[in-house]
Amino acid sequence: DDHILITLSGEGPWGFRLQGGSEKNLPLLVSKVRKRSKACRGGLRENDELISINGKACAGLSHADAMLMIDSSGGSLHIRVKRAA
Ligand code: LEU
């Protein structure tokens, strides 16, 4: 599987949704990417697994924690994702 670093510039909303999180013992996966959104144009894809958000590892993060970190980016959003080959 590939790791891909995605940078989204400016402010949210970015146009994607997450599922999973540590409270469910599931990886944080991108469940939906809105067409023509910043997330879509920036290369984010459905089923990508979030590995880090703004340089902070996602291991152990709950769904709510991850959403807070994304919402409080305050400017550009840097996410590392793992994409199934
Ligand atoms: N729904 C948010 C957005 O599109 C992202 C979510 C994962 C916090 O900006």
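Only a predicted model underlies this, so the values are computations on that prediction, with no experimental measurement involved. (Residues numbered from 1 in each chain as written. Predicted model: local features only at pLDDT ≥ 70, side-chain atom pairs only at ≥ 80, totals over all residues. Heavy atoms only, no water.)

Caption draft 1: Structural context of helix H2 (residues 63-71). Where H2 is concerned, the buried positions are His63, Ala66 and Ile70. Viewed along the axis of H2, the buried residues span an arc of 65 degrees, placing them on a single side of the element. Counted as exposed and oriented over 90 degrees from the buried face of H2: Leu68 and Asp71. If you follow the buried residues of H2, they end up packed against strand S2 (16-21), strand S3 (26-33), strand S4 (49-53) and strand S6 (77-83). (Buried < 20%, exposed > 50% of the residue type's maximum accessible area, 1.4 Å probe, protein only. Helix = DSSP H or I, 4+ residues; strand = E, 2+ residues; numbered from the N terminus. Arc of directions from axis to C-beta. Contact = heavy atoms within 4.5 Å.)

Caption draft 2: Spatial organisation of the pattern of salt bridges. For the structure shown, the criterion picks out 3 salt bridges. Between Asp48 and Arg83 there is a salt bridge, with its nearest N and O atoms 2.8 Å apart. Separated by 35 residues along the polypeptide, Asp48 in the loop between helix H1 (38-41) and S4 and Arg83 in strand S6 bring together distant segments of the chain. By relative accessible area, Asp48 is classed as buried at 1%. Of the charged contacts, one joins Glu49 and Lys82 as a salt bridge, the two residues approaching to 4.0 Å between their closest N and O atoms. You can see Glu49 sitting in strand S4 and its partner Lys82 sitting in strand S6, a full 33 residues away along the chain. Classification of Lys82 by relative accessible area gives partly exposed; the value is 29%. (Salt bridge = Lys/Arg side-chain N within 4 Å of Asp/Glu carboxyl O.)

Function cannot be inferred from these measures alone, as they are strictly geometric.
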